[in-house]
Amino acid sequence: MCVVHPEFAPDASLSREEMEALQHEVAETAIFEDEFDFDPERVRSGPSDDGQTQLPSGKEKTAEDDPIVVGVDQAFVGEKAVSAIVAARDGEVIERTHAAVETEIPYIPGLLSFREGTAILRAFKKLSVEPDLAIVDGSGRIHYREAGIATHIGVMLDLPAIGVAKNLLCGKLRDPPQGHMREGERIPVLANDRVTAPNGTVIGYALQSRQYDNPEKRHVNPLYVSPGHRVSAEMTANLVWQLCAGYKLPEPTRRADAYADEVKQTVGS
DNA sequence: GCGACAG
DNA sequence: ATCTTGTCGC
């Protein structure tokens, strides 16, 4: 697929100030509302039926009509950043692409897209199918300047995108849980002083995608999901939840994770 | 100065 | 993210 906003390219040679300025531009271009064409109810972790569902009009729903969801994950081999993308429709993998790019800068909280963005975009350019939604590992709006890696990628490609992180970069939970969250539970993540958005803005959700029966003994931490582009915070939580299939991470992410591992052993350092 | 800190 | 064996629990 093609880059729609090349002017937002995550150039690693920029100064820190320039990177932050670029992120502010990305955030201004980002849309944190539901502005996508696919039917959100047709986004799911896997086949929900035999694909023979009859509609009143006489037409029928087929997998070909389902939205294409891509999972994006990063891995490292020596000094190379490996980006893996797995596209699926109705839970069926239809294409996989990857790219390995030499890293130019170290990991800096808040500037992740400048370290891994180029590899991700290169992998996206190799993708022949046209995705409807991207699930990116890392934050989206849950970011100091509301421009996490999911937002940066989504805006550049003008593709609906969602950020799925295992840890909270910034922001604060509206209602801190007593003990551990129950499976399916979600708590709003609000903007605080460290975020450019007005204090109290819901910039994402803590989503308990999986939990053990007895959290006292053994428990799972929640996922921190946030809008990347063209998706609201509420819809973000709904879609990620629908993409989970009994594991902590949503299926698109798990598939990209596994593919990244495969690629790692293929690409030498 | 001290604390916070996606992957 | 990555370095890494065993081990606890469902």
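Residues numbered from 1 in each chain as written. Chains lettered and ligands numbered in written order. Predicted model: local features only at pLDDT ≥ 70, side-chain atom pairs only at ≥ 80, totals over all residues. Heavy atoms only, no water.

Novice: Any chance you could break down the UniProt feature "site: Interaction with target DNA" (unreviewed entry) in chain A for me, citing the residues and the numbers?
Specialist: Taken from the UniProt record, the annotation "site: Interaction with target DNA" (unreviewed entry) applies to Tyr-107. Looking at the secondary structure, you find Tyr-107 in the loop between strand E3 (92–102) and helix H2 (112–126). (UniProt positions renumbered as here; feature names shortened; annotations may be inferred. Helix = DSSP H or I, 4+ residues; strand = E, 2+ residues; numbered from the N terminus.)

Novice: Please provide a residue-by-residue account of the pattern of salt bridges, values included.
Specialist: Here the structure, examined in full by the defined rule, presents twelve salt bridges. Arg-42 is the partner of Asp-66 in a salt bridge, and the nearest nitrogen-oxygen pair spans 2.7 Å. Here Asp-66, found in the loop between helix H1 (16–29) and strand E1 (68–77), pairs with Arg-42, found in the loop between H1 and E1; they are 24 residues apart in sequence, far enough to count as distant. Its relative accessible area of 4% is what places Asp-66 among the buried residues. Close ionic contact of Arg-141 with Glu-146 constitutes a salt bridge, the shortest N to O distance being 2.8 Å. The buried category is assigned to Glu-146, whose relative accessible area is 11%. (Salt bridge = Lys/Arg side-chain N within 4 Å of Asp/Glu carboxyl O. Buried < 20%, exposed > 50% of the residue type's maximum accessible area, 1.4 Å probe, protein only.)

Novice: Before we move on, can you summarise the protein's contact with DNA strand B with the specific residues and values?
Specialist: Taken together, 18 residues surround DNA strand B, and among them Tyr-107, Gly-110, Asp-137, Lys-166 and Asn-167 come closest. Backbone atoms, meaning sugar and phosphate, form 52% of the atoms of DNA strand B found within 4 Å of the protein. Between DNA strand B and the protein, one listed contact pairs a sugar or linking oxygen with a side-chain N or O atom of Asp-137 at 2.9 Å. At 2.9 Å, a side-chain N or O of Asn-167 approaches a phosphate oxygen of DNA strand B. Residue composition of the surface near DNA strand B, by class: nine nonpolar, six polar and three charged. (Near = heavy atom within 4 Å. Polar contact = N/O pair within 3.5 Å; in protein donor to acceptor, adjacent residues only side chain to side chain. Nonpolar A, V, L, I, M, F, W, Y, C, P; charged D, E, K, R; others polar.)

Novice: Describe the protein's contact with DNA strand C, naming the residues involved and giving the relevant values.
Specialist: As a structural note, the neighbourhood of DNA strand C is formed by Ala-75, Phe-76, Lys-166, Lys-217, Arg-218 and Lys-264. Lys-166 has a polar side-chain atom sitting 3.2 Å from a phosphate oxygen of DNA strand C. Here a base oxygen of DNA strand C and a side-chain polar atom of Arg-218 are 3.5 Å apart. Residues belonging to the surface near DNA strand C are distributed by class as follows: two nonpolar, no polar and four charged.

Novice: Break down the packing of H2 against helix H3 (residues 149–157) for me, with residues and values.
Specialist: Between two packed helices, what matters for the description is the angle formed by their axes and the separation of those axes. For the pair H2 and H3, interaxial distance at closest approach is 10 Å and the crossing angle is 40°. Classified by the angle their axes make, H2 and H3 are oblique. In this structure, H2 meets H3 at a crossing whose hand is right-handed. Contacts from Leu-112, Ser-113, Phe-114, Glu-116, Gly-117, Ile-120, Leu-121 and Phe-124 in H2 reach Ile-149, His-152, Ile-153, Met-156 and Leu-157 in H3. Taken together, the residues that form the contact of H2 with H3 break down as nine nonpolar, three polar and one charged. (Axes fitted to C-alpha atoms, helices over the stretch in contact; angles between N-to-C directions. Parallel < 35°, antiparallel > 145°, perpendicular 65-115°, else oblique. Left-handed = near helix turned anticlockwise from the far one by under 90°. Contact = heavy atoms within 4.5 Å.)

Novice: Go over the packing of H1 against H3, please, and point to the residues and values.
Specialist: Two elements in contact, H1 and H3, have axes separated by 9 Å at closest approach and are oriented at 65°. Looking at the two axes, H1 sits roughly perpendicular to H3. In the packing of H1 onto H3, the handedness of the crossing is left-handed. Touching Leu-22, Val-26 and Thr-29 of H1 are Thr-151, His-152 and Val-155, all from H3. Grouping the constituent residues of the contact of H1 with H3 by class yields three nonpolar, three polar and no charged.

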